[in-house]
Amino acid sequence: MILDTELTNPLLQWVLHKENRDKFGNIMPNHHTQGSPLGFRYLHNPSPDLLASGFPYSEVRDIADTMLEHYDLYLDSEIEPNYGYLISYSEEGHEVHPHRDANYYGDGPDPTQREYKPKYWIGDVLHCRLNVLISKPEKGGNPIINKLEHGIQENEPWLCISGAHTHSTTKVEGSKPRILLSLGYFIPTAIVEAKGWFVRDTER
Ligand SMILES: [Fe+2]
């Protein structure tokens, strides 16, 4: 599936507007071998400032619904609380080193809710991310999941069971930025297993 540019273009234009990046982007220091990208977290949660800037919340909701339907997941699937819906904007030289994401409230915005679990802990839910590059670099920026590189196209979604599968990226090359829209969910482990996306016995 390739997402319609009509659906993704309002978001792309918002991110390409440097004033929005300067005002709302945060340096994301974790998991990056080279080049810290600008991150925009909790985009599922409308903020007055972002609304005033013209952030296209309704289009993001439409993209989310389209991707959830594509993967046959409930439209009201639980949004994961540590990053939620996020955008990562990066330029030439950036790459993400191999890591997994937490399957529990590890570093969300409310410190009183944080839980402390062993690394790679898997419980009743798995951190799953529905991803799409709304701007794909001239070269690189591909996802690597369980050591396998996926040659995806611009606007072509992919699914990463990021709480179970080690993931990273290839290095961004060229002048075109990499802009990732990543929608995080906590999906019941039983559902992820039933879909064959994760095999507990061999991977735990
Ligand atoms: Fe990750």
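Structure: above.
To start, this report covers the structure provided alongside it. Being a predicted model, the structure only gives us computed values, none of them experimental.

## Side note on the nonpolar core
Soluble, globular proteins show a tendency: their nonpolar side chains are buried together.
Next, step 1: In this structure, I87, L126, I161, I179, L181, L183 and I187 are the most contacted members of the largest nonpolar core, which totals 35 residues.
Next, step 2: At the level of secondary structure, the elements contributing two or more residues to this core comprise α1 (5-16), α4 (57-70), β5 (85-90), β7 (125-135) and β12 (178-188).
Next, step 3: Beyond its immediate chain neighbours, meaning those up to four positions away, L183 contacts A64, M67, Y85, R129 and L130.

## Comments concerning the sheet that holds strand β11 (residues 167-169)
Next, step 1: Taken in spatial order, the three strands line up as β9-β8-β11 in an open sheet, and their pairing is antiparallel. With one partner strand each, in any of the chains shown, β9 (148-149) and β11 form the two edges of the open sheet.
Next, step 2: Strand direction decides the pairing type here: strand β8 (residues 143-145) and β11, joined by three bridges, are antiparallel. From the neighbouring strand, I145 faces β11, where its bridge partner is H167.

## What about the packing of α1 against α4?
Next, step 1: Running from N to C, α1 and α4 cross one another at 135°; their axes reach a closest spacing of 9 Å. Viewed along their axes, α1 and α4 adopt a mutual orientation that is oblique. Crossing of α1 over α4 shows left-handed handedness. In this structure, α1 contributes L7, T8, P10 and L11 to the contact, and α4 contributes E59, V60, D62, I63 and T66.
Next, step 2: Grouping the amino acids of the contact of α1 with α4 by side-chain chemistry returns five nonpolar, two polar and two charged.

## Quick word on the environment of Q113
Next, step 1: With respect to the helices and strands, the residue Q113 is situated in the loop between β6 (95-96) and β7.
Next, step 2: Sequence-distant contacts of Q113, that is, excluding residues within four places in its chain, are made with Y105 and G108.

## Some remarks on the pairing of β7
Next, step 1: The buried fraction of β7 is high, at ten of eleven residues.
Next, step 2: Sheet topology places β7 next to β12; ten bridges connect them, and they run antiparallel. Note that in β12 the partner of R129 across the bridge is G184.
Next, step 3: Pairing analysis gives three bridges linking β7 to strand β10 (residues 158-160), with the strands arranged antiparallel. By the bridge assignment for β10, R129 is matched with C160.

Rules used in this analysis
Residues numbered from 1 in each chain as written. Predicted model: local features only at pLDDT ≥ 70, side-chain atom pairs only at ≥ 80, totals over all residues. Core = buried A, V, L, I, M, F, W, Y, C linked by C-beta atoms within 7 Å. Buried ≥ 20, exposed ≤ 12 C-beta atoms within 10 Å, placed from the backbone. Helix = DSSP H or I, 4+ residues; strand = E, 2+ residues; numbered from the N terminus. Contact = placed C-beta atoms within 7 Å. Pairing = 2+ DSSP bridges. Axes fitted to C-alpha atoms, helices over the stretch in contact; angles between N-to-C directions. Parallel < 35°, antiparallel > 145°, perpendicular 65-115°, else oblique. Left-handed = near helix turned anticlockwise from the far one by under 90°. Nonpolar A, V, L, I, M, F, W, Y, C, P; charged D, E, K, R; others polar.

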